Amino acid sequence: MEFFTWVVIVIALCIFMAYNRASLSTFSLAFIALMALGTFLDIVSFFGWFFFAIIAIPLNVSSIRKEYISAPLLKVFRSIMPDMSTTEQEAIDAGTTWFEAELFKGNPNWTKLHNYPKPRLSAEELAFLNGPVEEVCAMTNDWEVTHELADLSPEVWQYLKDKKFFAMIIKKEFGGLDFSAFAQSRVLQKLSSVSSVLASTVGVPNSLGPAELLQHYGTEEQKNYYLPRLATGEEIPCFALTSPEAGSDASSIPDFGVVCKGEFEGKEVLGMKLTWDKRYITLAPVATVLGLAFKLRDPDHLIGEKDDYGITCALIPTDIEGVITGRRHFPLNIPFQNGPTQGNEVFVPLDFIIGGAEMAGQGWRMLVECLSVGRAITLPSNSTGGVKSLALATGAYARIRRQFKLSIGKMEGVQEPLARIGGNAYLMDAVTTMSTGAIDLGEKPSVISAIAKYHLTEKMRQCVSDAMDIHGGKGICMGKGNYLARNYQGAPIAITVEGANILTRSMIIYGQGAIRCHPYVLAEIAAAKNEDAKEALDDFDHALFGHIGFSISNICRSLWFSFTGSRLQKTPFSDQTTRYYQLLNRFSSNLAMLSDISMATLGGELKRKERISARLGDVLSYLYLASATLKRYNDEGRQIEDFPLVQWALEDSLYKIQEAIDDLISNFPNKGVALFLRFTIFPLGTWLQKPSDAIDQKVAEILQTPSETRSRIGKWQYLKRDPAFPMGQLEQTLEDIVACEPIYTKACKGLGKYLPFYKLNLVAEEALAAGIITQEEADLLSKTEIGRKAAIDVDDFDSEDLRLKK
Ligand SMILES: Cc1cc2nc3c(=O)[nH]c(=O)nc-3n(C[C@H](O)[C@H](O)[C@H](O)COP(=O)(O)OP(=O)(O)OC[C@H]3O[C@@H](n4cnc5c(N)ncnc54)[C@H](O)[C@@H]3O)c2cc1C
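All values derive from a computational prediction rather than experimental measurement.

Here is what the cut-offs are and how they apply
Each chain has its residues counted from 1, following the order in which its sequence is written. Where local features are concerned, this predicted model is filtered to residues with pLDDT of at least 70; where side-chain atom pairs are given and counted, the filter is 80 or more; whole-chain, interface and lining totals use all residues. For side-chain calculations, the full set of non-hydrogen atoms in the structure is used, while hydrogens and water are omitted. We count a stretch as a helix when DSSP gives it H or I for four or more residues in a row; a strand needs E for two or more, and each element gets its number in order from the N terminus. In this description the radius of gyration comes from C-alpha coordinates, and the expected globular size is given by 2.2 Å times residues to the power 0.38. Accessible area is worked out with a 1.4 Å probe on protein chains only. A residue is then buried under 20% of its type maximum, exposed over 50%, and partly exposed in between. By definition, residues are in contact when any of their heavy atoms lie within 4.5 Å. The Shrake-Rupley method, run with a 1.4 Å probe, gives the accessible areas here. Residue values count only the displayed protein chains as cover. Within this scheme the basic residues Lys and Arg register as positive and the acidic residues Asp and Glu register as negative, but His and the chain ends are omitted. Positions of charges follow a simple convention, taking NZ of Lys, CZ of Arg, CG of Asp or CD of Glu. In this analysis, axes come from line fits to C-alpha atoms, helices being fitted only over the stretch in contact, and the angle between any two N-to-C directions falls in the range 0 to 180 degrees. Any angle that is under 35 degrees is reported as roughly parallel, and any over 145 degrees as roughly antiparallel; angles of 65 to 115 degrees are reported as roughly perpendicular and all others as oblique. Two helices cross in a left-handed way if the nearer one is turned anticlockwise from the farther one by less than a right angle. They cross in a right-handed way if the turn is clockwise. Each residue is assigned to one class: nonpolar for Ala, Val, Leu, Ile, Met, Phe, Trp, Tyr, Cys and Pro, charged for Asp, Glu, Lys and Arg, and polar for all the others, Gly among them. For the purposes of these results, a polar contact is taken to be a pair of N or O atoms within 3.5 Å, where, inside protein, one atom must be able to donate a hydrogen and its partner to accept one; residues adjacent in sequence count only when each atom of the pair is a side-chain atom. The cutoff for a nearby residue is simple: one of its non-hydrogen atoms must lie within 4 Å of the molecule or strand. Here is the rule: rings of Phe, Tyr and Trp (six-membered ring for Trp) pair when centre to centre is within 6.5 Å. Planes less than 30 degrees apart are stacked, more than 60 are edge-to-face, and the remainder are tilted. Only when the NZ of Lys or the CZ of Arg is both within 6 Å of the ring centre and within 35 degrees of the ring normal is a charge said to sit over the ring. The criterion for strand pairing is that DSSP finds at least two bridges linking the strands in question. Buried Ala, Val, Leu, Ile, Met, Phe, Trp, Tyr and Cys residues that are joined via side-chain atoms within 4.5 Å together make up what is termed a nonpolar core. In this analysis, the protein atoms alone were mapped onto a 1 Å grid. Cavities are point sets where a 1.4 Å probe fits without being able to get out; pockets are open sets with protein on both sides within 12 Å along at least five of seven lines; lining residues have an atom within 4 Å of a point. Grid points are joined across faces, edges and corners, and a volume is the space filled by probe spheres set on the points. Salt bridges are identified by distance alone: a Lys or Arg side-chain nitrogen within 4 Å of an Asp or Glu carboxyl oxygen. An expected span of 1.5 Å times one less than the residue number is assigned to each helix.

Looking now at the overall build of the protein. If you tally the helices and strands in the protein, you get 33 helices and 8 strands. Taking 2.2 N^0.38 as the reference for a compact globule, 806 residues should give roughly 28 Å; the C-alpha atoms of the protein span a radius of gyration of 31 Å, in line with that estimate. Each of the three principal axes of the protein carries a C-alpha extent, and together these read 105 × 85 × 45 Å. Relative to its full complement of 806 residues, the protein shows a buried share of 56%. Sequence-distant contacts, at least 24 apart, represent 74% of the contacts inside the protein between residues at least 6 apart. Split by element, the accessible area of the protein, about 34,300 Å² in all, is 56% carbon and sulfur. For the protein, the distance from the average site of its 81 positive side-chain charges to the average site of its 95 negative ones is 5 Å.

This is the structure:
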């Protein structure tokens, strides 16, 4: 054997073992075998063995390795480790990781993904969705809510309380509905079909708020008192964290409480004087109980040794003297109850603290733990429900509305935004299903909830904007018949609340993802913080060498994928989806490598390099969104008719991953490292394209043609075919139009002239008189004309009606 052949075998073996993540000892043993073979063939000399020993012995003898490699590196690590405040640490510690950790590790286990059970509704949940939810949708008139009442009607409020809409998360033993996260998501999606005010009003008490906090941290007495009252709507809750000086930086709230003695209900008790000024608080104007976050001080040491306890959460009845609520903000013409609240030295007993006095100072931990669940449900579900409904409505409208003698949905220019709506509707539903499914499996997925919150609210904003463009003036002129404008106006609300989106993308997704999902970083940080020197070194050594092996493996995997076009791999299915799994594997390895290289080269500075962090977060996010789409396709029986939607969602996600990596490399601060990254990841340049025009056309056609695939897009949405509910009525008109098109063509042919596709009743009369069509066909044309006209009509008003009236 020649020297050259031997070297090739060595390199191939290295890549093979690195690709398969062989351990250090396996690596070393394999090398010894190769060296022995080399010696036998007279290729490896004494110097070769000497050189090998210099490298292998320090790496494999733990005492040498720790003293000469790990200990100095631990020092360096401590010096570059990012500072972490207690609140940041608590945010990192909150929640669990799930499938996103697989995506972060560079080698996702697809069998695991497809084995997660498909979420299902119980009989009780389904009955609720088909009963009370359907009923309250029928009772709600969004124009009346947003334009006339600036609130839900008193009947709707009462119905929501009577049917326990505010108690979906409350356990049965306290009189609640105790629904799964998946069921809550379906309820919110359906409510979103009708009114954002309705969906927000129901969503908030079921998300982060007094009920959730009490169930996790409340004392028995607090639970027994409040939860049954919250379940029946006797108490209306709100949760007040945000203040004028502390929005995104919520942990810096200036609101405070001072422990002191005072009189409450005629008795002297140990309590606290609370002073707060909060704003933007949903349900505050109508709340009877205010969940309040403030910083607790104990200058006289009445409850312990500490002066400052930090963020604490308490429940304050709003009828206590000194509590100011009632005034309202006016959020973008979506007038759900939202407003400020203040209090100045309001004295309450210490046992108003959620969980009692021993939970003083635990407020931030409580909030971030609950947020890791709630953030995956409410806003993603409201956004998804909105987009599912508008996908059907926009598809129907595009088929019904004609210009230049054609349905506007046949025009390529319109098909592009229409496809964006259809593909995103499919993807968004996949993501809410998978994420709420994770919660129902017992996870508190803090990284997934940030991904879902950011991406689904952004997609909602894009889709509603696309829908507006497609509807033209019909979307702009407001009134009872406009089912889009309020969603368009209100889109920035979801973008801003529960962690404003720029912050969520720039800091939270990757910031938490990198530390929580990385297989070694958390262990390294923990070791570096350990004050026991021996234990710190042992743990750091273990994590560090795991980390080095992991990094080498991801570099080798990335190179292998780049130079083989990522084709030579096993995937769970050999069909049209194969290529998608291959590319997701490739980008997952790229993410793991990019992440390690960014951390190694930027250290603690990475935290401040928000745009690097945001792009790494984008890669992780789109890997997650794409995986959820593949899971949905499989869970729904791999319906080939749905495949254009999968194709659109996957190709859009993969393209955006490529774009994020490309931008990241172009802007990487260290240009030498950037060159290496480009060579490893894109040796032949970028090559993925956006979804093609042909895919766009197929998706646009799906939205415009009644079918099972189209029905799956709108599954469980409120679509009652009632002339008072324009979106439902559109569904009927779409079916009628489709049925009418051949009749109309027959009429035109028979009459020997082109008739415009409007005034279909006149077409019917003429064609019937000429004996070209039957009475039944003529009736259908006339009925369709009524629906068609309603679909394209807009409201107009008397000037007087539009003037603000007291
Ligand atoms: C309609 C509505 C309902 C709400 N309901 C409630 C409620 O019920 N209870 C409650 O406590 N709060 C509530 N909020 C508050 C909401 O959570 C905050 O508005 C939100 O946290 C943002 O704070 P801010 O508006 O002060 O924006 P700011 O904090 O001033 O942020 C402004 C911009 O700067 C960006 N930004 C800030 N820091 C960073 C950073 N480090 N990196 C990158 N970008 C950054 C943000 O993303 C944002 O785009 C509500 C708000 C609204 C508008």
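Okay, back to it.
All right, on to the packing of helix 16 (residues 378-400) against helix 17 (residues 412-440) then. Packing of helix 16 against helix 17 leaves a shortest axis separation of 9 Å and a crossing angle of 150 degrees. It follows from the interaxial angle that helix 16 and helix 17 lie roughly antiparallel. The crossing of helix 16 and helix 17 is left-handed. Across from Pro380, Ser381, Ser383, Thr384, Val387, Lys388, Leu390, Ala391, Thr394, Gly395 and Ala398 in helix 16, the residues of helix 17 making contact are Leu418, Ile421, Ala425, Met428, Asp429 and Thr432. Along the lines of polarity and charge, the residues of the contact of helix 16 with helix 17 split into 9 nonpolar, 6 polar and 2 charged.

The next subject is the environment of Thr96. Locating Thr96 in the fold gives a position in the loop between helix 5 (86-93) and helix 6 (99-104). Excluding residues that lie within four positions of it along the chain, Thr96 makes contacts with Glu443, Lys444, Pro445, Ser446 and Arg516. A distance of 2.7 Å separates the side chain of Thr96 from the side chain of Glu443, its partner in a polar contact.

This next bit is on the side chain of Arg399. Its location among the elements puts Arg399 in helix 16. Given a relative accessible area of 11%, Arg399 falls into the buried group. Looking at Arg399, its side chain comes within polar contact range of the side chain of Glu741, at 2.5 Å.

To continue, consider helix 13 (residues 210-217). With 7 of 8 residues buried, helix 13 is to be regarded as a mostly interior element. Where helix 13 is buried, its residues contact helix 14 (220-231), strand 1 (237-240), strand 4 (289-297), strand 5 (308-317) and helix 15 (363-374).

With respect to spatial proximity, 20 residues lie near the ligand, and among them Leu241, Thr242, Ser248, Tyr280 and Glu610 are the closest. With respect to the ligand, the backbone of Thr282 contributes an N or O atom lying 3.0 Å from an oxygen atom. One of the side-chain N or O atoms of Glu610 is found 2.8 Å from a nitrogen atom in the ligand. Its free accessible area being 980 Å², the ligand has 69% of it covered by the protein chains. Elements represented by at least two residues in the shell around the ligand include exactly strand 1, strand 3 (267-282), helix 20 (485-496) and helix 21 (501-517). Split by residue class, the shell around the ligand holds 12 nonpolar, 6 polar and 2 charged.

Applying the stated criterion to the full structure yields 30 aromatic pairs. When the centroid spacing of 5.8 Å and the interplanar angle of 75 degrees are considered together, the rings of Tyr19 and Phe561 count as edge-to-face. With Tyr19 in helix 1 (residues 3-19) and Phe561 in helix 23 (residues 533-563), this pair connects stretches of sequence that are 542 residues apart. The buried category is assigned to Phe561, whose relative accessible area is 0%. With a centroid separation of 6.1 Å and 50 degrees between ring planes, the pair formed by Trp157 and Phe166 is classed as tilted. You can call Trp157 buried: its relative accessible area is 11%. Each residue in the set Trp98, Phe99, Trp110, Tyr116, Phe573 and Tyr581 is aromatic and connected to the rest through ring pairs, giving one cluster. When the ring centre of Phe256 is taken as origin, the NZ or CZ atom of Arg297, which lies over that ring, is 4.4 Å away. Directly above the ring of Phe573 sits Arg638, whose terminal nitrogen or CZ lies 3.6 Å from the centroid.

Of all the 9 residues making up strand 4, 7 are buried; the element is thus mostly covered by neighbouring parts of the structure. Here 3 bridges tie strand 2 (residues 256-264) to strand 4, and the two strands are oriented parallel to one another. Looking at the pairing, Val258 lines up with Arg297 of strand 4. Two elements, strand 4 and strand 5, share 9 bridges in a ladder whose sense is antiparallel. Note on strand 5: the bridge partner recorded for Leu296 is Gly310.

We now examine the nonpolar core. By size, the foremost hydrophobic cluster in this structure holds 233 residues, and its most contacted members are Phe165, Leu191 and Ile316. The residues touching Phe165, leaving out its near neighbours within four places in the chain, are Phe128, Pro132, Val133, Val136, Tyr159, Leu160, Val187, Leu191, Val202 and Asn206. Within the second largest apolar cluster, 9 residues are counted, among which are Trp6, Phe31, Leu34 and Ala56.

Within the structure shown, the criterion is met by 1 cavity of 30 Å³ or more. In this structure, the largest cavity encloses a volume near 30 Å³. Its residues placed into classes, the lining of the largest cavity shows 6 nonpolar, no polar and 1 charged.

Attention now moves to the pattern of salt bridges. Side chains bearing opposite charge may pair, as long as their charged atoms lie close to each other. Under the defined criterion, the tally for this structure stands at 36 salt bridges. One salt bridge in this structure joins Asp541 and Arg65, with 2.7 Å as the shortest N-O distance. Taken together, the residues span a long stretch of sequence, with Asp541 in helix 23 and Arg65 in helix 4 (residues 62-80) at a distance of 476 residues. No difference in accessibility class separates Asp541 from Arg65, as the two residues are buried. Ionic pairing is found between Glu416 and Arg420, a salt bridge with its closest N-O pair at 3.7 Å. One end of the pair is Glu416 and the other is Arg420, both in helix 17 and 4 residues apart, which spans about a single turn.

Let us now look at the packing of helix 18 (residues 446-471) against helix 20. The geometry of helix 18 relative to helix 20 is characterised by a closest axis approach of 9 Å and an angle of 160 degrees between their N-to-C directions. What the angle tells us is that helix 18 and helix 20 run roughly antiparallel. The handedness of the crossing between helix 18 and helix 20 comes out as left-handed. Here Lys453, Thr457, Glu458, Met460, Arg461, Val464, Ser465 and Met468 of helix 18 come into contact with helix 20, specifically with Ala485, Asn487, Tyr488, Ala491, Ala494, Ile495 and Thr496. When grouped by side-chain class, the residues that make up the contact of helix 18 with helix 20 number 8 nonpolar, 4 polar and 3 charged.

Along the chain, Glu524 turns up in helix 22 (residues 521-529). Buried Glu524, no salt bridge; nearest opposite-charge side chain is Arg65, N-O distance 12 Å. Not counting the four nearest positions on each side in its chain, Glu524 is found in contact with Phe77, Phe540, Ala543, Leu544 and His547.

For helix 11 (residues 181-192), with 12 residues, the first-to-last C-alpha span of 16 Å sits near the 16 Å given by 1.5 Å per residue. Those residues of helix 11 that sit buried are Ala181, Phe182, Ala183, Gln184, Ser185, Arg186, Val187, Leu188, Gln189, Lys190, Leu191 and Ser192. Tucked inside the fold, the buried residues of helix 11 contact helix 8 (123-139), helix 12 (196-203), helix 16 and helix 17.

Every regular strand shows the same layout, with side chains that alternate between the two sheet faces. Because side chains alternate across strand 1, one face comprises the buried residues Pro237 and Phe239, and the other comprises Cys238 and Ala240, equally buried. Summarising the sheet, strand 1 and strand 4 pair through 4 bridges and their orientation is parallel. Residue Pro237 lies in a different strand from strand 4, and its bridge partner there is Val289.

Our focus in this paragraph is unusual backbone geometry. Positive phi outside glycine occurs at His301, with the angle close to 55 degrees. With respect to the element layout, His301 can be found in the loop between strand 4 and strand 5. Given a relative accessible area of 38%, His301 falls into the partly exposed group. At Lys759, a position not held by glycine, the phi torsion is positive, near 50 degrees. Structurally, Lys759 is set in the loop between helix 30 (726-751) and helix 31 (760-769). Overall, the relative accessible area of 47% leaves Lys759 in the partly exposed class.

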